[in-house]
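One letter stands for each residue in the lines below.
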Amino acid sequence: MKSSLNLGKVHDIGIFIHYSWLFIFLIVAWSLATDMFPYYYPEFTTKTYWIIGIISAVLLFLSVLLHELSHSIAAKYSGIKVSSITLFFFGGVATIDEEGISPMKEMMIALAGPLFSIVFGMIFYLILQITEVNIISAIAFYLSRINLILAFFNMIPAYPLDGGRVLRAFLWGWTNDLKKATMIASKGGKWFGIGLIVIGVLNIFFFNFGGLWFVFLGGFLYMIAGAGYQQVLIKQELEIPLTDFINKNFEKVSLNESIAEIMKKAMKSKTLQDTSTQENALALQNAFIVIDKNKVKGIIKIKNLKELSDEKKKSLKAKDVVEIVPLLNQSVNAYSAFNIMMRTHNSVLPVVNNKQEIIGIVDGNKIINYLNMKIGKSSE
Ligand SMILES: [Zn+2]
């Protein structure tokens, strides 16, 4: 998540802000200070327009953040883990662990955000009603409108927008078929994305370049709608025991073995590869498991060793280059294992039993091949 700035943690949930938000912040403050506020409140000075423009932009940011936090709190309340929230240019995305989710829970989590936005918007509307025309009422005017727009926009039934999630949860509960429900909801997302692009292009042709925003937003929605569906397919195909992917034919080395010796072993595996079946060969040449007193210490990737100088290959030992990696328990399913591998950028991981003893390794490429075979066949 290098494209985002870490703002810290709220209730154990990491809050990130995408860099594009800083740009949006300036655009919002600028357009409010030079366009909207002077139009509706012509009696203020330029300096005042900028002050309330900046305050409003900060409060817009807060509105989006609290909207996302509402989803997260609803998720936590239903026992679903939320690891992080990232605020993008159009709003935010909460990374919710899909493990243990049900149609009812998904619906509650999806509705929590727009509900918050409506309530927050109503509060500013009340403030607007009870204050005289001054800078506070100007800010309240903008915030009441923008929060209601946020609620409305997010409730459009286009997955992965909140409305799309509600639609998916409804279809899922009705048909009991998550795959089909996601397919329909993400088609809504794709069509909405296409619609925004068309509106944007027409706007550019007939009016001004403001339409570019719609093109960006539409393109982005179109992309993530497809990715959401793909994610569900992957999850469904990989909800099988990890056992099918465990390769028991792996190489072990001890902490004190020298790199030169390990390289020799690797060469041997390479010749073995020609006689062995192809899938075993894949794992054999990629990594070695480092073992000390029956415990897994980590792995050594052969490709990293190749970059060492001949001198270093002689002087360094396994313990100097071992990489500490997460251990997969043999009882996790293939989906969890695949997620751990993706998250930690490891293509090979050791698998252990409940006593933490090594029983094999899993090669991510094997899982990807399996997915290509399964999803490639069923996607049309
Ligand atoms: Zn939302």
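Further up the page is the structure itself.
These numbers were taken from a predicted model, which means no experiment stands behind them. (Residues numbered from 1 in each chain as written. Predicted model: local features only at pLDDT ≥ 70, side-chain atom pairs only at ≥ 80, totals over all residues. Heavy atoms only, no water.)

### So, the coordination of the zinc ion
Okay, step 1: Only His67 (NE2), His71 (NE2), Asp162 (OD) and Asp162 (OD) from the protein reach the zinc ion as donors, at distances of 2.0 to 2.7 Å.
Okay, step 2: Relative to the metal, the four donor atoms surrounding the zinc ion lie at angles of 54 to 150 degrees, and the coordination shape comes out irregular.
Okay, step 3: For the zinc ion, all donor residues lie on one chain, and their spacing in sequence is H-x3-H-x90-D. Here His71 and His67 lie together in helix H2 (residues 46-77), a separation of four residues that amounts to about one turn.
Okay, step 4: The class of His71 is buried, set by a relative accessible area of 4%. (Donors = N, O, S within 2.8 Å, 3.2 Å for Na, K, Ca; no water. Tetrahedral: all angles 85-135°; square planar, octahedral: opposite > 155°, others 65-115°. Helix = DSSP H or I, 4+ residues; strand = E, 2+ residues; numbered from the N terminus. Buried < 20%, exposed > 50% of the residue type's maximum accessible area, 1.4 Å probe, protein only.)

### A closer look at the sheet that holds strand S9 (residues 328-329)
Okay, step 1: Read across the open sheet, the four strands follow the order S5-S11-S10-S9; overall the sheet is mixed. Whereas interior strands pair on both sides, the edge strands pair on one side only; in this sheet they are strand S5 (246-247) and S9.
Okay, step 2: Looking at chain direction, S5 and strand S11 (residues 358-363) are connected through two bridges and run antiparallel. Among the inter-strand pairings, Asn247 is bridged to a residue of S11, identified as Ile361.
Okay, step 3: Relative to the sheet, helix H13 (residues 334-344) contacts S9, strand S10 (348-352) and S11, its axis offset from that of S10 by approximately 135 degrees. (Pairing = 2+ DSSP bridges. Contact = heavy atoms within 4.5 Å. Axes fitted to C-alpha atoms, helices over the stretch in contact; angles between N-to-C directions.)

### Quick look at the pairing of strand S7 (residues 287-292)
Okay, step 1: The element S7 is extensively covered by neighbouring structure, given that five of its six residues are classed as buried.
Okay, step 2: The sheet contact formed by strand S6 (residues 252-254) and S7 spans three bridges and is parallel. Paired with Val253 across the two strands is Val290, which belongs to S7.
Okay, step 3: Bridging between S7 and strand S8 (residues 295-301) involves six bridges; their strand directions are antiparallel. Across the sheet, the residue bridging to Asp292 is Lys295, located in S8.
Okay, step 4: Following S7, the chain reverses through two residues before pairing antiparallel with S8; Lys293 in that reversal takes a positive phi of roughly 50 degrees.

### So, unusual backbone geometry
Okay, step 1: Its identity as a non-glycine residue notwithstanding, Asn176 has a phi of 65 degrees, on the positive side.
Okay, step 2: Structurally, Asn176 can be placed in the loop between helix H5 (162-175) and helix H6 (178-206).
Okay, step 3: By relative accessible area, Asn176 is classed as exposed at 68%.

### As for the sheet that holds S8
Okay, step 1: Read across the sheet, three strands follow the order S6-S7-S8 without closing on themselves; strand pairing throughout is mixed. The open sheet has two edge strands with one neighbour each: S6 and S8. Put simply, the sheet's adjacent strands are angled 35 degrees from each other on average, direction ignored.

### Quick look at the pattern of salt bridges
Okay, step 1: If you walk through the whole model with that rule in mind, you get four salt bridges.
Okay, step 2: The shortest N-O distance in the salt bridge between Arg165 and Glu106 comes to 3.6 Å. With Arg165 in helix H5 and Glu106 in helix H3 (residues 103-130), this residue pair connects regions lying 59 residues apart in the sequence.
Okay, step 3: Judged by its relative accessible area of 24%, Arg165 falls in the partly exposed class.
Okay, step 4: Classification of Glu106 by relative accessible area gives buried; the value is 3%. (Salt bridge = Lys/Arg side-chain N within 4 Å of Asp/Glu carboxyl O.)

### As for H5
Okay, step 1: The end-to-end C-alpha distance of H5, which contains 14 residues, comes to 20 Å, matching closely the 20 Å that a straight helix rising 1.5 Å per residue would cover.
Okay, step 2: Each element contacted by the buried residues of H5 is listed here: H2, H3, helix H4 (135-154), H6 and helix H7 (211-237). (Expected span 1.5 Å × (residues − 1).)

### Comments concerning H2
Okay, step 1: The end-to-end C-alpha distance of H2, which contains 32 residues, comes to 46 Å, matching closely the 46 Å that a straight helix rising 1.5 Å per residue would cover.
Okay, step 2: Where H2 ends, the next residue or the one after it, Gly79, has phi of about 80 degrees, a positive value.

### Notes on the side chain of Ser186
Okay, step 1: Mapped onto the secondary structure, Ser186 falls in helix H6.
Okay, step 2: The residues contacting Ser186, other than those within four sequence positions of it, are Tyr159, Ala225 and Tyr229.

### Observations concerning a nonpolar patch on the surface
Okay, step 1: Taken together, the side chains of Trp191, Ile194, Val198, Val201, Leu202, Phe205, Phe206, Phe207 and Tyr222 define a hydrophobic patch exposed on the protein surface, amounting to about 1000 Å² of accessible area.
Okay, step 2: Here the nonpolar patch gets seven residues from one element, more than from any other, and that element is H6.
Okay, step 3: Mapped onto the elements of the fold, Val198 is located in helix H6.
Okay, step 4: Accessibility expressed as a relative area gives 44% for Val198, which makes it partly exposed. (Patch = residues over 30% accessible without salt bridge, like charges linked within 9 Å, V, L, I, M, F, W, Y side chains within 5 Å. Areas by Shrake-Rupley, 256 points an atom, 1.4 Å probe, with all protein chains shown as cover.)

### Description of the environment of Tyr41
Okay, step 1: Position of Tyr41 among the secondary structure elements: in the loop between helix H1 (20-40) and H2.
Okay, step 2: For Tyr41, a relative accessible area of 8% translates into the label buried.
Okay, step 3: Setting aside chain neighbours within four positions, we find Tyr41 in contact with Tyr49, Leu128, Val133, Ser137, Ala138 and Phe141.

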